[in-house]
Amino acid sequence: MRRFWTTAMALLFFLCALAGTPVLGEGVERVTSAFDAYLQSQQIISQREKRFNVSDYQYIKDRFVINGCGPASVHNAMAVAFGLDDTALSEGVLIELMTLMADFKRPAEFGINYKRMYLLTEPVCDEYASLTELKTHVDETVWLKRISAKKLIAEVDKREGSLVVMGRTNLMQNWSEIVTLADLLHERGLDEATITVGTLSSGTPSTGAPFNMGETGHFLTVCIQVGEFLDRGTIYVLDSYPRAVRGESLSDVYDKKYYFAENNKLTSFRLNYDAYHLTPMVVKCAPLPEVQAELTALREAAEGGGKKDVKAYFNYRVKLAKRITTYGTGTIFLRVR
């Protein structure tokens, strides 16, 4: 319901105002935000958790810790979009999501067909108690066959209540649409809106992408909040297989390091973002001070300049976002109000 979202966000903004003093990380001032607190309060899960290492969550003929990154990625995207902070509901949503989307409804054998994500808005979804309960957190859920900033904002403009709009998109090919959508939402005073894309491939080591893992690849989730993205350029990576960032040691929590953390390659990523953990499963990618200064300067020029200045600001944001490289088509969740 709209009241659920509004009350939660109002509380988080209040707490952030009380405790949101900057912290320092490796010489970089790190500014906390209400959205940071929101992500920390939600059920962003790890596929390595013991509660999922049981037969109920077996996925494609192996343990969830081995093969569960896809379902976990969708779950984490939905947790952000719908506001999922209850442990028991989270566990129910995960198993029902796996069952609803799997071939023959047997995820232990066949896994999810992500082209079936539209089923979340179909009557068949009502047969699943946890998914149905989660959807009551908003007034409406909508599936779009084709995704663009224009189509997404049209759905927002049609409605006054809380809303989650879903569809399929290739994020790397469509960051320009995401930036356009963020601007349109901001114009409507919807800075608390979130745009989350799940089941994005992080790539393999041969791709050299910052969050890549394994020879068969890995799914993760990318998220922005409109206000935080426009103010600071912040992008969040939600990862069900937690790994160490730069400056963190290997441990029981992090048995691997991110590609950008284990070597001095990827200067295009490392020289643009300060990447650090809010929780083991949430990596906040905040532009470095000099990048933030450039963003601010370009924004100010665009606000008082002509088409050339507006285009320069737009292009810079798209280029910066693409430093967080992903591959393939994922499911987008736009949450407003």
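All values derive from a computational prediction rather than experimental measurement. (Residues numbered from 1 in each chain as written. Predicted model: local features only at pLDDT ≥ 70, side-chain atom pairs only at ≥ 80, totals over all residues. Heavy atoms only, no water.)

**Quick word on the packing of aromatic side chains**
Remark: the centre distance and the inter-plane angle together describe each pair of aromatic rings, the angle taken between the planes. So the rule is basically this: Between the rings of Phe, Tyr and Trp (Trp by its six-membered ring), a pair exists once the centres lie within 6.5 Å; its type follows the angle of the planes, with under 30 degrees stacked, over 60 edge-to-face, and the other angles tilted. Numbering goes from the N terminus for both helices and strands, where a helix is a DSSP run of H or I of at least four residues and a strand is a run of E of at least two. Working definition: with a 1.4 Å probe on protein chains only, accessible area under 20% of the residue-type maximum means buried, over 50% means exposed, and in between means partly exposed. Lysine NZ or arginine CZ positioned within 6 Å of the ring centre and within 35 degrees of the ring normal marks a charge as sitting over the ring.
For the structure shown, the criterion picks out 14 aromatic pairs. Where Phe211 meets Phe260, the ring centres are 5.3 Å apart and the plane angle is 65°; that geometry is what we call edge-to-face. Linking Phe211 in the loop between β5 (194-201) and β6 (219-225) with Phe260 in helix α10 (residues 259-262), this pair joins segments that are 49 residues apart in sequence. Phe260 shares its class with Phe211; the two are buried. Note on Phe269 and Tyr273: the rings are 5.6 Å apart at their centroids and 35° apart in plane angle, and the pair reads as tilted. Each member of the pair, Phe269 together with Tyr273, is buried. Clustering of aromatic rings is evident, with ring pairs tying together Phe211, Tyr258, Phe260, Phe269 and Tyr273. Its end group placed over the ring of Tyr276, Arg30 keeps NZ or CZ at 4.0 Å from the ring centre.

**Details of the sheet that holds strand β7 (residues 235-238)**
Worth spelling out the cut-off: For two strands to be treated as a pair, DSSP must find at least two bridges joining them. To obtain an axis, a line is fitted to C-alpha atoms, over the contacting stretch when the element is a helix, and the angle between two such axes runs from 0 to 180 degrees between their N-to-C directions. By the convention used here, residues are in contact when the closest approach between their heavy atoms is within 4.5 Å.
Across the sheet, which stays open at both edges, the 8 strands sit in the order β3-β4-β10-β5-β6-β7-β9-β8 with mixed pairing between neighbours. The open sheet is flanked by β3 (140-143) and β8 (273-279), the only strands paired with a single partner. Geometrically, the sheet is characterised by an average inter-axis angle of 20° between neighbouring strands, direction not taken into account. In this structure, β5 lies alongside β6, joined through 6 bridges in antiparallel fashion. When the bridges of β6 are listed, Leu200 appears paired with Leu220. Each of β5, β6, β7 and β10 (329-336) is contacted by helix α8 (residues 175-187), which is oriented at about 5° to β10, the strand it contacts most.

**Digging into the side chain of Arg243**
Mapped onto the fold, Arg243 is located in the loop between β7 and α10. Apart from residues lying up to four places away in sequence, Arg243 is in contact with Phe211, Asn212, Met213, His218, Glu248, Tyr254, Lys256, Lys257, Tyr258 and His277.

**Looking at α8**
Rules: To estimate the expected span of a helix, count its residues, drop one, and scale the result by 1.5 Å. Directions from the helix axis toward the C-beta atoms define the arc.
Over its 13 residues, α8 runs 18 Å from end to end, which matches the ideal 18 Å to within 8%, given 1.5 Å per residue. Taken together, the buried positions of α8 are occupied by Trp175, Ile178, Val179, Leu181, Ala182 and Leu185. Here the buried residues of α8 occupy an arc of 160° about the axis, which is enough to place them on one side. Note on α8: the residue one or two positions beyond its end, Gly189, has a positive phi of about 75°.

**Describing the nonpolar core**
Using the following cut-off: Only buried residues count toward a nonpolar core, which is a set of Ala, Val, Leu, Ile, Met, Phe, Trp, Tyr and Cys residues joined through side-chain atoms within 4.5 Å.
Of all hydrophobic cores here, the largest spans 56 residues; its most connected members are Trp175, Leu185 and Phe211. Here the element with the most residues in this core is α8; it accounts for 6 residues. Aside from chain neighbours lying at most four places away, what touches Leu185 is Ile153, Val156, Leu190, Ala193, Ile195, Val226, Leu334 and Val336. Ranked by size, the runner-up nonpolar core spans 46 residues in total, among them Ile45, Ala77, Leu94 and Val164.

**What about a positive patch on the surface?**
Operational definition: Patches draw on residues past 30% relative accessible area with no salt bridge. Two like charges within 9 Å are joined, as are two nonpolar side chains (Val, Leu, Ile, Met, Phe, Trp, Tyr) within 5 Å. Methods summary: accessible areas were calculated by the Shrake-Rupley approach with a probe of 1.4 Å, and residue burial reflects only the protein chains presented. Definition used for salt bridges: Asp or Glu carboxyl oxygen within 4 Å of a side-chain nitrogen of Lys or Arg. Positive charges come from Lys and Arg, negative ones from Asp and Glu, while His and the chain ends are left out of the count. Here the site of a charge means NZ on Lys, CZ on Arg, CG on Asp, or CD on Glu.
A surface patch of positive charge is lined by Lys145, Arg146, Lys150 and Lys151. Position of Arg146 relative to the elements: it lies in the loop between β3 and α7 (149-158).

**A word on the packing of helix α12 (residues 289-304) against helix α13 (residues 307-321)**
Just so we agree on the cut-off: Angle categories are assigned with fixed cut-offs, so that under 35 degrees is roughly parallel, over 145 is roughly antiparallel, 65 to 115 is roughly perpendicular, and the rest are oblique. Handedness of each helix crossing follows the sense of rotation of the near helix against the far helix: counterclockwise by less than a right angle gives left-handed, clockwise gives right-handed. Under the convention adopted here, Pro, Cys and the residues Ala, Val, Leu, Ile, Met, Phe, Trp and Tyr are nonpolar, Asp, Glu, Lys and Arg are charged, and Gly plus all remaining residues are polar.
Their axes nearest at 7 Å, the elements α12 and α13 cross at an angle of 150°. Relative to α13, α12 is oriented roughly antiparallel. For α12 against α13, the interelement crossing comes out left-handed. Contacts from Val291, Glu294, Leu295, Leu298, Arg299, Ala301 and Ala302 of α12 reach α13 at Asp309, Val310, Ala312, Tyr313, Tyr316, Arg317 and Leu320. Counted by class, the contact of α12 with α13 contains 10 nonpolar, no polar and 4 charged residues.

**Brief notes about the packing of α8 against α13**
At a minimum axis distance of 9 Å, the contact between α8 and α13 shows a crossing angle of 125°. The angle between the axes of α8 and α13 places the two elements in the oblique class. Relative to α13, the crossing made by α8 is right-handed. For the pair α8 and α13, the contacting residues are Trp175, Ser176, Val179, Thr180 and Asp183 in the first and Phe314, Arg317, Val318 and Ala321 in the second. Its residues placed into classes, the contact of α8 with α13 shows 5 nonpolar, 2 polar and 2 charged.

**Re unusual backbone geometry**
Positive phi is not limited to glycine here, since Ile60 has a value of about 50°. Structurally, the position occupied by Ile60 is in the loop between α2 (34-41) and α3 (64-67). Residue Lys61 is not a glycine yet carries a positive backbone phi of 65°. Its location among the elements puts Lys61 in the loop between α2 and α3. A relative accessible area of 64% places Lys61 in the exposed class.

Read these as geometric descriptors, not functional statements.
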